[in-house]
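# Examination of the molecular architecture
The chain contents come next:
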Amino acid sequence: MHALPPLDQPVQWLIFALDGIGIFVFAISGAALALRERLDLFGVLLMAFVTALFGGILRDILLGATPPETLTSWHNAAIALSGGVFTIAAGSWIGRLDKPVRLFDAIGLGLFTAAGAAKALEFGVHPLMAPAVGMVVGIGGGILRDMLVTRTPLVLQAEIYAVAALAGGFAVVACDFLGLPAQPSMLAGALLCLTLRLLALYRGWTLWHPPRPPGL
């Protein structure tokens, strides 16, 4: 986010918007977990910051867009910290939601996955690998968030998480292959990822557990 995209580049505007909203909601998920763990003010804002920005930094490093945008401007950091402050101020309301950390994480996952896959295609990444880039972008911040509070990352648990991100990324690629405009392609990918993740979260959908061999 060096500056606002030109008005004649709607695709860049949508990526800009998805990134911004994704940063904000991921920051809420990180700050909400920090409040649950009773961290101090610095801890809450740090959790919001790293949860919101780590995925985008990974994306830019993978795509060779260095230095990452987050490190060359203040906009993303300001959005992340705003999400942390908002969570502190609205903590009582957020706490009344059902599974708030995972809910906001799911929204961020869908937005970051779609924007990441679209940006990967824009940078010439092979269509079969672009969904993987989107998935890494979507799950990166959540992994670091969970590790900071010594919690098993969601992506390593049985819930459908990374698979939802891959599905959203492949939706973006499929729409691009069919010649659809980038804007509806990204929105379709984000919606598919979010829908799968929310269904898994609230209906208990899980991946298959391989049986544990005797002696392990």
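You'll find the structure just up there.
Nothing here was measured: the structure is a model prediction, and the numbers come from that model. (Residues numbered from 1 in each chain as written. Predicted model: local features only at pLDDT ≥ 70, side-chain atom pairs only at ≥ 80, totals over all residues. Heavy atoms only, no water.)

## Focus: the overall build of the chain
- Looking only at helices and strands, one finds eight helices and zero strands in the chain.
- The N-to-C order of helical and strand elements in the chain reads α-α-α-α-α-α-α-α.
- The C-alpha atoms of the chain give a radius of gyration of 17 Å, which matches the 17 Å a tight globule of 216 residues would have.
- Principal-axis analysis of the C-alpha atoms places the extent of the chain at approximately 45 × 45 × 30 Å.
- Counting all 216 residues of the chain, 46% fall into the buried class.
- When contacts within the chain are restricted to residue pairs at least 6 apart in sequence, long-range pairs at least 24 apart make up 72% of them.
- Accessible surface computed for the chain: about 10,600 Å², of which carbon and sulfur atoms make up 71%.
- Here the chain carries 12 positive and 12 negative side-chain charges, and the mean point of each set is 13 Å from the other. (Helix = DSSP H or I, 4+ residues; strand = E, 2+ residues; numbered from the N terminus. Rg over C-alpha atoms; globule rule 2.2 N^0.38 Å. Buried < 20%, exposed > 50% of the residue type's maximum accessible area, 1.4 Å probe, protein only. Contact = heavy atoms within 4.5 Å. Areas by Shrake-Rupley, 256 points an atom, 1.4 Å probe, with all protein chains shown as cover. Lys, Arg positive; Asp, Glu negative; His and termini not counted. Charge placed at Lys NZ, Arg CZ, Asp CG, Glu CD.)

## Let's talk about the packing of helix 6 (residues 130–148) against helix 7 (residues 162–177)
- Contact pair helix 6 / helix 7: the axes reach a minimum separation of 8 Å and the direction vectors enclose 135°. On the basis of their axis angle, the class for helix 6 and helix 7 is oblique. Helix-helix and strand crossings are classified by hand; for helix 6 and helix 7 the assignment is right-handed. Here helix 6 contributes A130, P131, A132, M135 and I139 to the contact with helix 7, which in turn contributes A162, A165, L166, G169, F170 and V173.
- Taken together, the residues that form the contact of helix 6 with helix 7 break down as ten nonpolar, one polar and no charged. (Axes fitted to C-alpha atoms, helices over the stretch in contact; angles between N-to-C directions. Parallel < 35°, antiparallel > 145°, perpendicular 65-115°, else oblique. Left-handed = near helix turned anticlockwise from the far one by under 90°. Nonpolar A, V, L, I, M, F, W, Y, C, P; charged D, E, K, R; others polar.)

## Things to note about the nonpolar core
- I23, A52 and L53 are the most contacted members of the largest nonpolar core, which has 23 residues in total.
- Put simply, the parts of the chain that give this core at least two residues each are helix 1 (10–36), helix 2 (41–63), helix 3 (75–89), helix 5 (100–122) and helix 6.
- Here the element with the most residues in this core is helix 1; it accounts for seven residues.
- Dropping the residues within four chain positions of it, L53 is found in contact with I23, T70, N76, A77 and A80.
- I28, I94, L111 and A190 belong to the second largest nonpolar core, which has 16 residues in total. (Core = buried A, V, L, I, M, F, W, Y, C linked by side-chain atoms within 4.5 Å.)

## Brief notes about the packing of aromatic side chains
- Following the criterion strictly, the structure yields two aromatic pairs and no others.
- Look at F26 and F112: their rings are 5.2 Å apart centre to centre, the planes differ by 65°, and that puts the pair in the edge-to-face class. Placement of F26 in helix 1 and of F112 in helix 5 is noted, with a sequence separation of 86 residues between them. Each member of the pair, F26 together with F112, is buried. (Phe/Tyr/Trp six-rings, centres within 6.5 Å; stacked < 30°, edge-to-face > 60°.)

## Here's the deal with helix 2
- The terminal C-alpha atoms of helix 2 lie 34 Å apart, and with 23 residues this matches the ideal 33 Å at 1.5 Å per residue to within 8%.
- At L53, helix 2 shows its largest kink, close to 35°.
- N-cap assignment for helix 2: the residue whose side-chain oxygen lies 3.3 Å from the backbone N of F42 is D40.
- Following helix 2 by one or two positions, G64 has its phi on the positive side, about 75°. (Expected span 1.5 Å × (residues − 1). Bend = angle between axes of the 7 residues up to and from the residue. Polar contact = N/O pair within 3.5 Å; in protein donor to acceptor, adjacent residues only side chain to side chain.)

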